[in-house]
Amino acid sequence: MMEEKETTLPWWNPESNRFWSILFMVGIILHIVATSSSELGLDAYIHSTYVTVEDGTGEAKLDWGHTRPIDPESSDPDYSPDVGGRYWAWHAWLGIWFDFMGNEVDSIQTGAMMMTALMLFAIWRSTEKLYGTEAAARLTALASVNPALIFSAGRVYPEEFMLIAISITMLTLILGLRTGGKGMPILWLMAPCAVLFGATVKGIDPTTSVLLFILGFVVFAIDESNELLIKVTRRPHRAFIASSSLVVLVFLGFALTAGEGSTISALRRAPLRFSSAVLFSLIDVVLIFMILGMVLWPFLKESLASSMTIIDREAGLLAAVIGGLTTAIVLYVASLWTHESLLWNAEWPWMIWTMGNNGRYATMLLIPCFWYIMRVRQLTGGKKEDNPNEVEGLENLGVLWKPVLVGICLILPLSFFAAVHGQTSWTSEAAEYLSEEMEDGEDFLFISDSTLGMHWLYSFHLQVDADGSRNIIGHWRADTTDWQDELVNQTVIKNRGNLSDVNWLVISPDIQVELEGWSVSKKASAPLMNGGGDWTIWSKTN
């Protein structure tokens, strides 16, 4: 009967498996286009520098200065703390491809293609194990066209790595709950290991992450021993609220005790700005990247209603993960925006437009969100006329096929744009010129506005002096500083790098410069997506 229905459905109907097969192929093509045509994202350049400099010097540090300098308008190569193992997992992955293919952009873009393949396999295999082949195939296809994941893959950001980590973590936990822990000790050990990997991909304190994870899971594992725990862990809406509340308390504890220069301390330094940032973060993370970007909105009404009625430990666990991680991401993004706006002296809230893509962190919730929907469907399964409380899911859309089709049609243009447009920058062309023209031991000075100035400086590093062997130092100054006095008169200012060895200048578009003893060596136009305008490279003439 199902086969007859399948053959009568048009290919564009989401109830047809052909629809999902085509969607998956489109997703694969978009990922290939994104990873082969896009330039690296700014954060990818930063992490590449950590890896290549450590290979060359033995220290995992940014040799041109920290991205959050003491003087927010100037770089200082002498201020560059070693990050140690904070990003161990992510840097290890990037290092594999640099070792295998050399210190080139193409190396880690090849790694990004491999990461996409591993992510899609992890989603398919773990979902199939828990919820069946059809659910797995459809969720994998939907993940393949997610705009934020395509965006991240093209720029070599670690969101797909995080999805692998959470897939392994949740799979082992749910299998453990279903079997009562029988024959699971080794698999259960994989869960905290996956959490550890995830933490050291995003630079989160691994000890705190693992301890909170263990505490939360122990509550679910022993809930039968306490009637109060059962009322929380087996009722999804209560588990969601309890988990979210715990994260808020932990966040407040860290925010009130963290060091003055840390991201999370932004709550203390600018409480009103932080409060407004939380509202913007909710819109960005929950509404844009989750409800719309993941195509969750067609399932939202029935899923929320079911959370108030069903009693199930597995659904409660998934709800707790969703609540805790969503709250953590919203608060972290709000802290990041507040901190960076203070650091750059940027206009609030307009700088959010620059950093709005931070909502992509929410892509790690794709697995728990759809697994929750699939679990609720397992609990309410049956024909609609027999069970009016049945919840539709990806594997059996029912009346939701039209909203799901609309949702996918809404994100596909964004997916195509993320793949075809990719990251653009003018600094890669400038870096290529400098790498060919500069002598070993020379320095250059990069002039731009203060927003993400240090990040843009490091977009030169991989091409100019990847491992530090050429002894080239890149300096940065905001265009509002007195950098010409430093350059011409050799003025030395505290917390700023010494410019006495600078023989090259890189001037960002639309910044007007007149300098005696210097001449323009190269002039070109920046891409329109980077604001357009002409950038210039100057060299000393005497």
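Scroll up for the structure.
Residues numbered from 1 in each chain as written. Predicted model: local features only at pLDDT ≥ 70, side-chain atom pairs only at ≥ 80, totals over all residues. Heavy atoms only, no water.

**Section: the overall build of the protein chain**
When helices and strands are counted, the protein chain shows 23 helices and five strands. Its C-alpha radius of gyration of 25 Å places the protein chain within 12% of the 24 Å reference for a compact globule of 542 residues. Projected onto the principal axes, the alpha-carbon positions of the protein chain cover approximately 90 × 55 × 40 Å. Restricting to contacts in the protein chain with at least 6 residues of sequence separation, those with at least 24 account for 71%. In the form shown here, the protein chain has an accessible surface area of approximately 23,600 Å², with 62% of it arising from carbon and sulfur atoms. Counting 34 positive and 58 negative side-chain charges, the protein chain places the centres of these two groups 14 Å from one another. (Helix = DSSP H or I, 4+ residues; strand = E, 2+ residues; numbered from the N terminus. Rg over C-alpha atoms; globule rule 2.2 N^0.38 Å. Contact = heavy atoms within 4.5 Å. Areas by Shrake-Rupley, 256 points an atom, 1.4 Å probe, with all protein chains shown as cover. Lys, Arg positive; Asp, Glu negative; His and termini not counted. Charge placed at Lys NZ, Arg CZ, Asp CG, Glu CD.)

**Overview of a negative patch on the surface**
The grouping of E54, D55, E59, D82 and D99 at the surface amounts to a negative patch. With relative accessibility at 38%, the residue E59 sits in the partly exposed group. (Patch = residues over 30% accessible without salt bridge, like charges linked within 9 Å, V, L, I, M, F, W, Y side chains within 5 Å. Salt bridge = Lys/Arg side-chain N within 4 Å of Asp/Glu carboxyl O. Buried < 20%, exposed > 50% of the residue type's maximum accessible area, 1.4 Å probe, protein only.)

**Notes on helix α16 (residues 313-344)**
Given a rise of 1.5 Å per residue, 32 residues ought to cover 46 Å, and the 46 Å separating the end C-alpha atoms of α16 matches this to within 8%. Most of α16 is tucked away, with 28 of its 32 residues classed as buried. Capping of α16 at its N-terminal end is provided by D312; its side-chain oxygen lies 3.3 Å from the backbone amide nitrogen of E314. Residue N345 follows α16 closely and has a positive phi angle near 55°. (Expected span 1.5 Å × (residues − 1). Polar contact = N/O pair within 3.5 Å; in protein donor to acceptor, adjacent residues only side chain to side chain.)

**Looking at the pairing of strand β3 (residues 502-507)**
Every regular strand shows the same layout, with side chains that alternate between the two sheet faces. With five of six residues buried, β3 lies mostly within the body of the structure. Examined bridge by bridge, strand β1 (residues 443-448) and β3 share five bridges and lie parallel to one another. Bridge pairing in β3 places D443 opposite V502. Where β3 meets strand β5 (residues 534-540), four bridges bridge the pair, whose relative direction is antiparallel. Bridge pairing in β5 places L505 opposite W538. (Pairing = 2+ DSSP bridges.)

**Some thoughts on the pattern of salt bridges**
Taken as a whole, this structure holds 15 salt bridges when the rule is applied. The partner of R360 in a salt bridge is D43, with the nearest N and O atoms 3.9 Å apart. Within this pair, whereas R360 is found in the loop between α17 (352-355) and α18 (366-379), its partner D43 is found in helix α3 (residues 42-57), the two being separated by 317 residues in sequence. Take R360: its relative accessible area is 2%, and that puts it in the buried class.

**Some remarks on the side chain of S450**
By the secondary structure assignment, S450 is in the loop between β1 and α21 (453-457). For S450, a relative accessible area of 17% gives the class buried. A polar contact is formed between the side chain of S450 and the backbone oxygen of W344, at a distance of 3.3 Å. Once you skip the residues sitting within four places of it in the chain, S450 turns out to touch W344, W476 and A478.

**Side note on the packing of aromatic side chains**
Applying the stated criterion across every chain yields a total of 21 aromatic pairs. Plain terms: the ring middles of W12 and W401 are 6.3 Å apart, the flat faces sit at 40° to each other, and that makes the pair tilted. Remark: W401 occurs in helix α19 (residues 401-421) and W12 occurs in the loop between α1 (2-8) and α2 (17-37); sequence separation between them is 389 residues. Clustering of aromatic rings is evident, with ring pairs tying together W64, W426, F444, F446, Y458, F460 and W535. Over the ring of Y131 we find R178, and its NZ or CZ is 5.4 Å from the ring centre. (Phe/Tyr/Trp six-rings, centres within 6.5 Å; stacked < 30°, edge-to-face > 60°. Lys NZ or Arg CZ within 6 Å of the ring centre and 35° of its normal.)

**Thoughts on the environment of I537**
Its location among the elements puts I537 in strand β5. Sequence separation between I537 and V520 is 17 residues, and the spatial gap between their C-alpha atoms is 5.8 Å. Apart from the residues within four sequence positions on either side, I537 is in contact with A430, Y433, L434, W504, L505, V506, S519, V520, S521 and K522.

**Details of unusual backbone geometry**
Most peptide bonds are trans, and most residues other than glycine sit at a negative phi. With an omega dihedral of 5°, the bond running from W348 to P349 counts as a cis peptide bond. Considering the arrangement of structural elements, one finds P349 in the loop between α16 and α17. In this structure, V295 is a non-glycine residue whose phi angle is positive, near 60°. Take V295: it is sitting in the loop between α14 (271-292) and α15 (297-307). Taking the relative accessible area as the measure of exposure, V295 reaches 1% and is therefore buried. Residue N471 is not a glycine yet carries a positive backbone phi of 55°.

**With respect to helix α20 (residues 427-437)**
In an α-helix there are 3.6 residues to a turn, and that puts residues three or four apart on one side. Within the span of α20, buried status applies to T427, S428, A430, A431, Y433 and L434. Packing partners of the buried residues in α20 comprise β1, α21, α22 (461-465), β3, β4 (518-525) and β5.

**Brief notes about the sheet that holds β3**
Pairing in this open sheet of five strands is mixed, and the strands run β2-β1-β3-β5-β4 from one edge to the other. Lying at the two open borders of the sheet, with one neighbouring strand each, are β2 (473-478) and β4. Taken over all neighbouring pairs, the strand axes of this sheet differ in orientation by 20° on average, direction set aside. Strand contacts of α20: β1, β3, β4 and β5, with the helix running at about 15° to β5, the strand carrying the most contacts. (Axes fitted to C-alpha atoms, helices over the stretch in contact; angles between N-to-C directions.)

**Points about the side chain of T326**
Note that T326 resides in helix α16. Looking at T326, the relative accessible area reads 10%, which means it is buried.

**Examining the packing of helix α5 (residues 105-131) against helix α6 (residues 133-144)**
Two elements in contact, α5 and α6, have axes whose closest approach is 7 Å; the angle formed by their N-to-C orientations is 155°. Classified by the interaxial angle, the pair formed by α5 and α6 is roughly antiparallel. In terms of crossing hand, the pair formed by α5 and α6 is right-handed. Contact residues: L120, I123, W124, T127, E128 and Y131 in α5; T133, A135, A136, A137, L139, T140, A143 and S144 in α6. (Parallel < 35°, antiparallel > 145°, perpendicular 65-115°, else oblique. Left-handed = near helix turned anticlockwise from the far one by under 90°.)

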